[in-house]
Amino acid sequence: MTGWQTEFKETDIAIVGGGVAGLAAAITAREAAPSSRILVVEQAHPERSGCLAAGVNAINAYLHPGETAHTFLDFVLREFMGIVRRDLVMTMAAGFNKAVDRLAAWGVPFPRDREGRYLRRGRHAVVVHGERIKPLMFQAACRAGVEFLNRTLAVEFIVNEGGRVEGLYALGIKNSTFYIILARAVICTTGGVAGLYSPSCPYSGLIRGIGWYPLFNAGSGLAMGLRAGAEMTSLEARFIALRVKDTLAPTGTVAQGIRVPQVNVHGENYLEGRHLTTVERLQSTLAEEGAGRGPCYLDTTRLTPAEARQLEEAYLEMCPRMVLWWGDHEESPRDKPLEVCPSEPYLVGGHSLSGYWIDSRRHTTLPGLYAAGDASGGAPKKYVSGCMVEGEIAALSALEDITQHDLHLTCPGETAVQEAKGRALAPLKRTNGLVAGELEARLHKILDEYAGGAVQGYRLMAGRLLIARRELKKLRRECYRLTAGDSYDLMQAHRVVDRIMVASAMVEHLLYRKETRWPPYQERADYPVRDDSRWMVFINSRYNRDNDSFIMLERPLEEEGGL
Amino acid sequence: MTVAIDIEKCTGCSGAREAQCERICPGGLLVREGVKVQLRGGGACWDCAACVKSCPHQALYLILPWPLGGRGARLYARASATETEWILRLPSGREERYVIPARINQKKPVPEI
Ligand SMILES: Cc1cc2nc3c(=O)[nH]c(=O)nc-3n(C[C@H](O)[C@H](O)[C@H](O)COP(=O)(O)OP(=O)(O)OC[C@H]3O[C@@H](n4cnc5c(N)ncnc54)[C@H](O)[C@@H]3O)c2cc1C
Ligand code: SF4
Ligand code: SF4
């Protein structure tokens, strides 16, 4: 702990995570209330942090002519077998198009047709040259007067005696500073959770980082919420992505961007003529493999040279390693079809349902705390534009609340601060014990083998999940043995602790839903049938700090936002 | 996969409080040690290429390690005000170039925070 100074900051709204949702929230708040102080706390640098570090080539949620918020809701209801928060999806979809217009106004280039309309890529997507989307959003935030605290890892919410979230503790990784950040409202936009399971393509220790979702989004925001007693929803609705094998590059670029057929080893288009949902397409691919007709491919061999070039350019804007892969093999996309594979499971509120339980104003169950984007649950298919809208709604709600209530912030007492600092820096003080990588390997082993990892064909069953529960409980105790040699190690130590917390909650959810609703995201081998008469409910959880256990709750679907 | 550092070309962004690549990496994986930069985190690199685009001396490039290829292709990038240029050097030494629009209007450069 030597050399770590303590610094105190105060702001109106603290935004945890400078990704898509966080920056949109920050800009909106400053525009709506130019005298407000808005502070973004970001573990890296908002210019390239989060999911969109590499960029995007399509904005996947947009209402083209003929589509409305209602038609979008119908689409999402079908995609998620009816378990969707209608209020959240409707309020989000209403803002998609404005969000896209804002990106264009900030300088993100959208190709347009002769009438000036955005180019369509699939039913709900528009084409974009979005390689620099994050730097452009960051510039817009700077122009709006947002303040930043970068390379600062959020570790714990500050909760006052009345149970209100009044800020957070954070670690300045580069300047060895322990921050006490007091805020009249806090918005959590830390993204989804990767790194719970080991990578689905077993490579080697050399290239651990390969994955679709960024490993740097370790679920800290969710873990902080759980530790403070916030309610989470649908952690059993994991997200498994169908991706290009080995590079884990998104397939939408090929499937919707260029429209190539998806075929089995015999060249048969096994999706043709079937109107399938995203999860059903994934399941059909696994079924082809199961029936001995794998591997499955995206058949890029019939592309024209111009289309192949277009495909490479689209990947450079979002997943450049795909182009490097073709280059290293000295191949063009036309030489060989692209093999596809499922990813490891993630928890991503923007694609599936898992995250904070929020009301339609994006307020969580903890007073003073809001959540948006991949960190909040109940409204899938958010993508870039939906995450922006959620950030905007959260910001406006937070502003409204802090102007209506005359809040007096009380700085936590000296003892409380010293204790929090001690907890946050503890791994630096220990000399022998475990390093983050060791605990992470153990976590992977538990989840892969007992909580439906790729090695288990993603399938779940009570007997195995109970072992996962028991082992995770032990692992939570091992966290007190973590050591760290420097700030980078310390950041990794916090990330593994947070992953273990989120994984523990997820296993409770997986145990609780005794049916099979979204195979293979959630497939119970011991309850193989979908049961609408019993399970048309949200499954929620809260962590009980006092006895290290989880309280499970059911929330009805029709309770629209019902908090 | 991972990023490679051309130690000859890297100046360590001498003089700057923080190196460009160190500032930009979303995982905090690039750390300046002495006058050169090093990659931390045992292969946690996500290949986002943010550092590759940020380096003023093209000292960084993406490579495909041996379990997936390892034939030596390199992906370089150079960012101008409105475009990003990519240079793919194939194992044979041949180069492919791609120039892609990246922003529509030229406003003042990103301020350093
Ligand atoms: C590879 C990939 C490609 C995608 N492509 C597309 C696409 O083409 N089109 C599309 O519409 N959508 C796409 N998406 C989805 C979209 O990018 C996400 O839904 C969206 O970015 C999520 O926004 P967010 O703000 O919730 O999370 P993020 O943008 O990931 O932001 C989370 C932020 O929180 C920070 N953070 C995390 N933990 C902490 C902590 N403890 N302390 C401080 N900061 C922290 C992170 O560094 C990050 O900056 C893609 C996603 C991925 C992963
Ligand atoms: S940006 Fe380039 S020159 Fe600067 S430290 Fe990084 S690699 Fe070296
Ligand atoms: S490619 Fe991205 S993740 Fe890898 S070192 Fe560079 S900036 Fe970091």
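Going by an unreviewed UniProt entry, chain B carries the name Formate dehydrogenase-H ferredoxin subunit and comes from Neomoorella thermoacetica.

The name given to chain A in an unreviewed UniProt entry is L-aspartate oxidase, with Neomoorella thermoacetica as the source organism.

S.K.: Residue-level account of the overall build of chain B, with values.
M.R.: Regarding its fold elements, chain B presents two helices and seven strands. The linear arrangement of helices and strands in chain B, starting from the amino end, is β-α-β-β-α-β-β-β-β. Computed over its C-alpha atoms, the radius of gyration of chain B comes to 15 Å, within 12% of the 13 Å expected for a compact globule of 113 residues. Its C-alpha atoms give chain B principal-axis dimensions of roughly 40 × 35 × 25 Å. The long-range fraction of contacts in chain B, counting pairs at least 24 apart against all pairs at least 6 apart in sequence, stands at 41%.

S.K.: Any details on the domain arrangement of chain A? Residues and values, ideally.
M.R.: Interface size is often expressed as the accessible area that is lost when the parts come together. Residues and elements named next belong to chain A. Along its sequence, chain A is organised into domain 1 (5–192 + 348–404) and domain 2 (246–342). Put simply, the middle of domain 1 and the middle of domain 2, counted by C-alpha atoms, are 30 Å apart. Taken together, the contact pairs 14 residues of domain 1 with 16 residues of domain 2. Carbon and sulfur atoms make up 46% of the surface buried where domain 1 meets domain 2, a total of about 1,100 Å² over both sides. Among the residues domain 1 hides against domain 2, the three largest losses belong to Asn57, Arg78 and Arg121. Together they make up 46% of the total. For the pair domain 1 and domain 2, the number of links is zero salt bridges. Put simply, domain 1 and domain 2 have seven residue pairs in polar contact (both at pLDDT 80 or more) between them. Looking at the side of domain 1 that touches domain 2, the elements with two or more residues in it are strand E3 (56–59), helix H2 (69–79) and strand E4 (126–130). The leading source of residues in the side of domain 1 that touches domain 2 is E4, at three residues. For the side of domain 1 that touches domain 2, the per-class residue count stands at four nonpolar, five polar and five charged.

S.K.: Tell me what's going on with the sheet that holds strand E10 (residues 242–244) of chain A, and back it up with residues and numbers.
M.R.: All names here are of chain A. An order of E10-E13-E12-E11 is seen for the four strands of this open sheet, with the pairing classed as antiparallel. Where the open sheet ends on each side, the last strands, each with one partner, are E10 and strand E11 (262–263). As defined by bridge partners, E11 adjoins strand E12 (residues 297–298) across two bridges and the pair is classed as antiparallel. Note on E12: the bridge partner recorded for Gln262 is Leu298.

S.K.: Tell me about the pairing of strand E1 (residues 5–16) of chain A, residues and numbers included.
M.R.: Residue and element names in this part refer to chain A. In terms of strand pairing, E1 meets strand E8 (residues 177–188) through eleven bridges, oriented parallel. Bridged to Lys9 within E8 is Ile181. Where E1 lies against strand E2 (residues 38–41), four bridges are found, and the strand directions are parallel. The residue bridging Ile13 from the neighbouring strand is Ile38, located in E2.

S.K.: Explain the packing of aromatic side chains to me, using residue names and the numbers behind them.
M.R.: Residue and element names in this part refer to chain A. Scanning the entire structure with this criterion turns up 17 aromatic pairs over all chains. Counting every residue linked through ring pairs, the aromatic cluster contains Phe80, Trp212, Tyr213, Phe239, Tyr346 and Tyr521. Looking at Arg243, its charged tip hangs above the ring of Trp212, at a distance of 4.7 Å from the centre. Cation over ring: Arg534 sits above Trp535, and NZ or CZ is 3.9 Å from the ring centre.

S.K.: Pulling in residues and values, what's your account of the side chain of Glu392 of chain A?
M.R.: Mapped onto the elements of the fold, Glu392 of chain A is located in helix H11 (residues 383–404). Those residues within four positions of Glu392 of chain A in sequence are excluded, and the remaining contacts are Ala24, Ala25, Thr28, Lys98 and Arg102 of chain A.

S.K.: Describe the sheet that holds strand E14 (residues 355–356) of chain A, with residues and values.
M.R.: Residue and element names in this part refer to chain A. In space, the four strands of this open sheet follow the order E14-E9-E16-E17, with antiparallel pairing throughout. In the strand order of this sheet, the two ends are held by E14 and strand E17 (549–556), each with one partner. With two bridges joining them, strand E9 (residues 232–233) and strand E16 (residues 537–544) adopt antiparallel strand pairing. Its bridge partner lying in E16, Thr233 is registered against Asn540.

S.K.: Any details on the pattern of salt bridges? Residues and values, ideally.
M.R.: Residues and elements named next belong to chain A. Under the defined criterion, the tally for this structure stands at 54 salt bridges over all chains. The shortest N-O distance in the salt bridge between Glu471 and Lys474 comes to 3.0 Å. Of this pair, Glu471 and Lys474 both sit in helix H14 (residues 462–478), separated by three residues, roughly a single helical turn. Glu471 gets classed as buried once you look at its relative accessible area, which sits at 11%. Through salt bridges with shared partners, one network takes in Glu236, Arg513, Glu515, Arg517, Arg530 and Asp532.

S.K.: Residue-level account of the packing of helix H13 (residues 436–450) of chain A against H14 of chain A, with values.
M.R.: All names here are of chain A. Contact geometry for H13 and H14: axes closest at 9 Å, N-to-C directions at 170 degrees. Between H13 and H14, the angle is such that the two are roughly antiparallel. Between H13 and H14, the residues in contact are Leu439, Arg442, Leu443, Ile446, Leu447, Glu449 and Tyr450 and Arg464, Leu465, Ile467, Ala468, Glu471, Leu472, Leu475 and Glu478, respectively. A class-by-class count of the residues in the contact of H13 with H14 yields ten nonpolar, no polar and five charged.

S.K.: Lay out the site of ligand 1 with the relevant residues and their values.
M.R.: Residues and elements named next belong to chain A. Taken together, the neighbourhood of ligand 1 is formed by 33 residues, with Ala21, Glu42, Ser49, Ala58 and Asp374 sitting nearest. In the model, an oxygen atom of ligand 1 is placed 3.5 Å from a nitrogen or oxygen of the Thr189 main chain. The backbone of Val384 places a nitrogen or oxygen atom 3.2 Å from an oxygen atom of ligand 1. Out of a free accessible area of 1,000 Å², ligand 1 has 97% covered by protein chains. Contributing elements (two or more residues each) for the shell around ligand 1: helix H1 (20–32), E3, strand E6 (152–159) and H11. Along the lines of polarity and charge, the residues of the shell around ligand 1 split into 16 nonpolar, 15 polar and two charged.

S.K.: Please set out the interface of chain B and chain A residue by residue, giving values where relevant.
M.R.: Across the contact, 63 residues belong to chain B and 59 residues belong to chain A. Both faces considered, chain B and chain A share a buried interface measuring about 5,100 Å² in area, 60% of it formed by carbon and sulfur atoms. Put simply, chain B and chain A have nine salt bridges between them. A salt bridge links Arg309 of chain A to Glu96 of chain B, with the nearest nitrogen and oxygen atoms 3.2 Å apart. Inspection of the region where chain B meets chain A yields 25 residue pairs in polar contact (both at pLDDT 80 or more). Looking at the side of chain B that touches chain A, the elements that each hand over two or more residues are helix H1 (20–24), helix H2 (50–54), strand E4 (60–63), strand E5 (74–79), strand E6 (83–89) and strand E7 (95–101) of chain B.

S.K.: I'd love a proper account of the site of ligand 3, names of residues and values included.
M.R.: Near ligand 3 you find Val3, Cys25, Pro26, Leu30, Leu39, Cys45, Trp46, Asp47, Cys48, Ala49, Ala50 and Cys51 of chain B, and these make up its full shell. Of the residues in the shell around ligand 3, the class split is eleven nonpolar, no polar and one charged.

About the criteria used
- Residues numbered from 1 in each chain as written.
- Chains lettered and ligands numbered in written order.
- Predicted model: local features only at pLDDT ≥ 70, side-chain atom pairs only at ≥ 80, totals over all residues.
- Heavy atoms only, no water.
- Helix = DSSP H or I, 4+ residues; strand = E, 2+ residues; numbered from the N terminus.
- Rg over C-alpha atoms; globule rule 2.2 N^0.38 Å.
- Contact = heavy atoms within 4.5 Å.
- Domains from an automatic or database assignment.
- Buried area = accessible area lost by both parts, 1.4 Å probe.
- Salt bridge = Lys/Arg side-chain N within 4 Å of Asp/Glu carboxyl O.
- Polar contact = N/O pair within 3.5 Å; in protein donor to acceptor, adjacent residues only side chain to side chain.
- Nonpolar A, V, L, I, M, F, W, Y, C, P; charged D, E, K, R; others polar.
- Pairing = 2+ DSSP bridges.
- Phe/Tyr/Trp six-rings, centres within 6.5 Å; stacked < 30°, edge-to-face > 60°.
- Lys NZ or Arg CZ within 6 Å of the ring centre and 35° of its normal.
- Buried < 20%, exposed > 50% of the residue type's maximum accessible area, 1.4 Å probe, protein only.
- Axes fitted to C-alpha atoms, helices over the stretch in contact; angles between N-to-C directions.
- Parallel < 35°, antiparallel > 145°, perpendicular 65-115°, else oblique.
- Near = heavy atom within 4 Å.
- Areas by Shrake-Rupley, 256 points an atom, 1.4 Å probe, with all protein chains shown as cover.

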